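A structural walkthrough
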Amino acid sequence: MQPFAGRAAVAGVGMTALSRESGRTELDLAAEACRAACADAGIAPREVDAVLSYHLNDSAPVVQVARALGIERLGWHNDIAGGGTQAASILGDAAMLVHCGLARNILVYRALNGRSGKRMNTVSTGPQERYTYGLAGPIPLFALAATRYLHETGLTAEHLHAVVAQSRQNAKANPRALRREPLELADYLSRPYVCTPLRTVDCCQETDGACALLVSGVLDGPRVRAVVRGGGPGCSSMDRAADVTAIFSAYVAPMLWEASGMRPSDVDVAVPYDAYSWLVPRQLEDFGLVARGELGAYLLERRHAWVNPHGGLLSEGYVHGLNNVAQAVRELRSAGEVALVTGFGGSYGSAALLVR
């Protein structure tokens, strides 16, 4: 097991309201979410001695957030450049700080005006060489991988609909969720394509908001059991990949089970990064939760209703995956013993196991 296993707990979670136009700065959003996480953990912000965040040049720097919170003596702090790959692995960064004795209470946050400010689904996102292949932005890139994955598995639009419709059903009882209305198959099929086979509702939302976690070595809460990060040549580097459908989970899943000493059957809360609908079956398969040959019936029979019980990034909102981690903590507080959370960035990403 990893040396930091079980040393750090997620003692507090906090979120702002999610919207499509916050009318606020990223600094305001971050400070609100961080104060809420501290209050949830039962400490004052001045008791925080480390602050971590990740961003794509679309957030408030950690030193500004620390100043806004009144943290007078700031210890270890880091602005990590990166997107969804960090959603799970930033737990590992915090846990390592606890294990090394460098911090006791660590704030982790993600804040963005992802709809009214800097938007990610644009041509300017990603390496320029992708444009040579007509992959103008992330959706065409991952739509190409999705096309091949659906072909190889025999999954169809009906199965993608099952993923999206179930996320809406799960979000129905979540007051934070922006998409809570039912989505019938005919309605799904009538939605326009962004890039085949992905329709508008197959893509996660662009959202304004912030989410924060208080990770502690001295307070109680769900414990960080294992965190892994890695990847290889898949849908992020299609010109080099033997399998363009290989997302991060194909690489990190074996690493996670080895690092944790646990098995897929131990997981009773699954909160995978669902930036696009097809990523849900792919991760269920890669992490050994559902065999490939069983995916079709599993989805159509809605046996995946336990996945992303809050609606995920497709229906709750998009805080670059950190809101999924917050939900895993909520689930472990009320029920369940082991939660799987992931961070997606194409064929690179991360995964973590939290235990009650």
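Residues numbered from 1 in each chain as written. Predicted model: local features only at pLDDT ≥ 70, side-chain atom pairs only at ≥ 80, totals over all residues. Heavy atoms only, no water.

1. Concerning the overall build of the protein
Our working rule: Per the convention used, a helix needs a DSSP run of H or I reaching at least four residues, while a strand needs a run of E reaching at least two, with both numbered from the N terminus. Within these notes, the globule rule equals 2.2 Å times the number of residues to the 0.38 power, and the radius of gyration is based on C-alpha atoms. Only protein chains enter the calculation, and the probe is 1.4 Å; a residue is then buried if its accessible area is under 20% of its type maximum, exposed if over 50%, and partly exposed in between. With residues, only the protein chains shown are counted as cover, and all accessible areas are computed by Shrake-Rupley using a 1.4 Å probe. Charge assignment in this entry is limited to Lys and Arg as positive and Asp and Glu as negative, and neither His nor the chain termini are counted. In plain terms, the charge of a residue is placed at NZ if it is Lys, CZ if Arg, CG if Asp and CD if Glu.
The helix and strand inventory of the protein stands at 11 helices and 11 strands. Computed over the C-alpha atoms, the radius of gyration of the protein is 19 Å, within 12% of the 21 Å expected from 2.2 N^0.38 for a compact globule of 356 residues. Over its C-alpha atoms, taken along the principal directions, the protein stretches across nearly 55 × 45 × 40 Å. For the protein, the proportion of its 356 residues judged to be buried stands at 58%. For the protein, the computed accessible surface area is about 13,500 Å², with 51% contributed by carbon and sulfur atoms. Side-chain charges in the protein split into 33 positive and 34 negative, and the spacing between the mean points of these groups amounts to 2 Å.

2. Some remarks on the packing of helix H1 (residues 26-41) against helix H2 (residues 62-69)
Counted only if it meets this: To define axes, lines are fitted to C-alpha atoms, for helices over the stretch in contact only, and angles between the resulting N-to-C directions are given on a 0 to 180 degree scale. In what follows, roughly perpendicular refers to angles from 65 to 115 degrees, roughly parallel to angles under 35, roughly antiparallel to angles over 145, and oblique to any angle outside these ranges. Each crossing gets its handedness from the near helix: less than a right angle anticlockwise from the far helix is left-handed, clockwise is right-handed. Any pair of residues with heavy atoms lying within 4.5 Å of one another is described as a contacting pair.
Direction vectors running N to C along H1 and H2 enclose 60 degrees, while the axes themselves pass 9 Å from each other. Comparing the axis directions of H1 and H2 gives the class oblique. In this structure, H1 meets H2 at a crossing whose hand is right-handed. Facing Leu27, Ala30, Ala31, Cys34 and Arg35 of H1, the residues of H2 in contact are Gln64, Val65, Ala68 and Leu69.

3. Section: the pattern of salt bridges
To be explicit about the condition: What counts as a salt bridge is simple: a side-chain nitrogen of Lys or Arg found within 4 Å of a carboxyl oxygen of Asp or Glu.
Across all of its chains, the model carries 14 salt bridges by this definition. With a closest N to O distance of 2.9 Å, Arg303 and Glu301 form a salt bridge. On the basis of relative accessible area, Arg303 is assigned to the partly exposed category, the value being 39%.

4. Notes on the pairing of strand S4 (residues 105-113)
Using the following cut-off: For two strands to count as paired, DSSP must find a minimum of two bridges between them.
For S4, a buried count of 9 out of 9 residues is recorded, marking the element as mostly surrounded by other parts of the structure. Both faces of S4 are covered, namely the face carrying Asn105, Leu107, Tyr109, Ala111 and Asn113 and the face carrying Ile106, Val108, Arg110 and Leu112. Taken together, the 4 bridges between strand S2 (residues 50-55) and S4 define a ladder with parallel strand orientation. Paired with Ser53 across the strands is Tyr109, a residue of S4.

5. A short note on the layout of surface pockets
How we decide: Only protein atoms enter the 1 Å grid, on which a cavity is a set of points fitting a 1.4 Å probe that cannot get out and a pocket is an open set with protein on both sides within 12 Å along at least 5 of 7 lines, lining residues being those with an atom within 4 Å of a point. Grid points are joined across faces, edges and corners, and a volume is the space filled by probe spheres set on the points.
The volume enclosed by the second largest pocket comes to roughly 200 Å³. Along the wall of the second largest pocket there are 11 residues; nearest its centre are Arg115, Arg179, Thr200, Cys204 and Glu206.

6. Looking at the packing of aromatic side chains
Where two aromatic rings form a pair, the distance of their centres and the angle of their planes describe that pair. Where we set the bar: When the centres of two rings from Phe, Tyr and Trp lie within 6.5 Å, Trp using its six-membered ring, the rings pair. Their planes under 30 degrees apart give stacked, over 60 give edge-to-face, and anything left gives tilted.
As enumerated under the stated definition, the model contains 7 aromatic pairs in all. Taken together, a centroid distance of 5.6 Å and an interplanar angle of 45 degrees make the contact between Tyr149 and Trp278 tilted. Residue Tyr149 is located in helix H4 (residues 138-153), and its partner Trp278 is located in the loop between strand S9 (269-271) and helix H8 (279-286); the two are separated by 129 residues in the primary sequence. Looking at Tyr149, the relative accessible area reads 0%, which means it is buried.

7. Here's the deal with the UniProt feature "domain: Thiolase C-terminal" (unreviewed entry) in the protein
The condition that has to hold: UniProt positions are given in the numbering used here, feature names are shortened, and annotations may be inferred rather than shown by experiment.
Per the UniProt annotation, the sites labelled "domain: Thiolase C-terminal" (unreviewed entry) are residues 239-353. Structurally, residues 239-353 comprises 37% helix and 14% strand, and the distance from its first C-alpha atom to its last is 32 Å.

8. Brief notes about the packing of helix H7 (residues 249-260) against H8
Short version of the rule: Each residue gets one of three labels, nonpolar for Ala, Val, Leu, Ile, Met, Phe, Trp, Tyr, Cys and Pro, charged for Asp, Glu, Lys and Arg, and polar for the others, Gly among them.
One way to put it is that H7 packs onto H8 with a least axis distance of 9 Å and a crossing angle of 35 degrees. H8 is crossed by H7, and the crossing has right-handed handedness. Taken together, the residues of H8 that come into contact with H7 (itself represented by Ser249, Ala250 and Ala253) are Arg282, Gln283 and Asp286. Grouping the constituent residues of the contact of H7 with H8 by class yields 2 nonpolar, 2 polar and 2 charged.

9. Details of empty space enclosed by the protein
Enumeration according to the criterion identifies 1 cavity of 30 Å³ or more in this entry. Size it by volume and the largest cavity reaches roughly 70 Å³. As for the largest cavity, its lining consists of Val163, Gln166, Ser167, Asn170, Asp274, Val280, His304, Val307, Asn308 and Leu314. If one sorts the elements of the lining of the largest cavity by residue count, helix H5 (residues 157-171) sits on top with 4 residues. When its residues are assigned to classes, the lining of the largest cavity shows 4 nonpolar, 5 polar and 1 charged.

10. Here's the deal with H1
Under the convention used in this document: A helix is expected to reach a length of 1.5 Å times the quantity of its residues less one.
Here H1 contains 16 residues, and its C-alpha end-to-end distance of 23 Å stays within 8% of the 22 Å for a straight helix at 1.5 Å per residue. Those residues of H1 that fall on the buried side of the exposure criterion are Leu29, Ala30, Ala31, Ala33, Cys34, Ala37, Cys38 and Ala41. Along its buried surface, H1 packs onto strand S1 (9-15), H2, S4 and strand S7 (208-216). Directly beyond the C-terminal end of H1, a positive phi value near 80 degrees is found at Gly42.

11. Brief notes about unusual backbone geometry
For the peptide bond that leads from Thr196 to Pro197, omega is 5 degrees, which places it in the cis range. Considering the arrangement of structural elements, one finds Pro197 in the loop between strand S5 (193-195) and strand S6 (198-199). In this structure, Asn308 is a non-glycine residue whose phi angle is positive, near 45 degrees. Positionally, Asn308 belongs in the loop between helix H9 (295-300) and helix H10 (312-315).

12. Notes on helix H3 (residues 86-99)
Taking 1.5 Å of rise per residue, 14 residues should cover 20 Å, and H3 covers 19 Å from first to last C-alpha, within 8% of that figure. Every buried residue of H3 is listed here: Gln86, Ala87, Ala88, Ser89, Ile90, Leu91, Gly92, Ala94, Ala95, Leu97 and Val98. Phi turns positive one or two residues past the end of H3, at Gly101, with a value near 75 degrees.

13. Let's talk about the pairing of strand S3 (residues 77-81)
Counted only if it meets this: Here the term right-handed applies to a crossover when the path leading from its first strand over the helix to its second strand runs clockwise, the strands being oriented away from the viewer.
Of the pairings in the sheet, the one linking S2 to S3 comprises 5 bridges and is parallel in character. Among the inter-strand pairings, Ser53 is bridged to a residue of S3, identified as Asp79. In this view, the connection linking S2 to its parallel neighbour S3 by way of H2 has right-handed handedness.

14. Focus on the side chain of Glu206
Condition: In the analysis that follows, any N or O atom pair within 3.5 Å is treated as a polar contact, provided that within protein one partner can donate a hydrogen and the other can accept it, and provided that, for residues neighboring in sequence, both atoms belong to side chains.
Mapped onto the secondary structure, Glu206 falls in the loop between S6 and S7. Within the local environment of Glu206, its side chain forms a polar contact with the side chain of Arg115, the two groups lying 3.5 Å apart.

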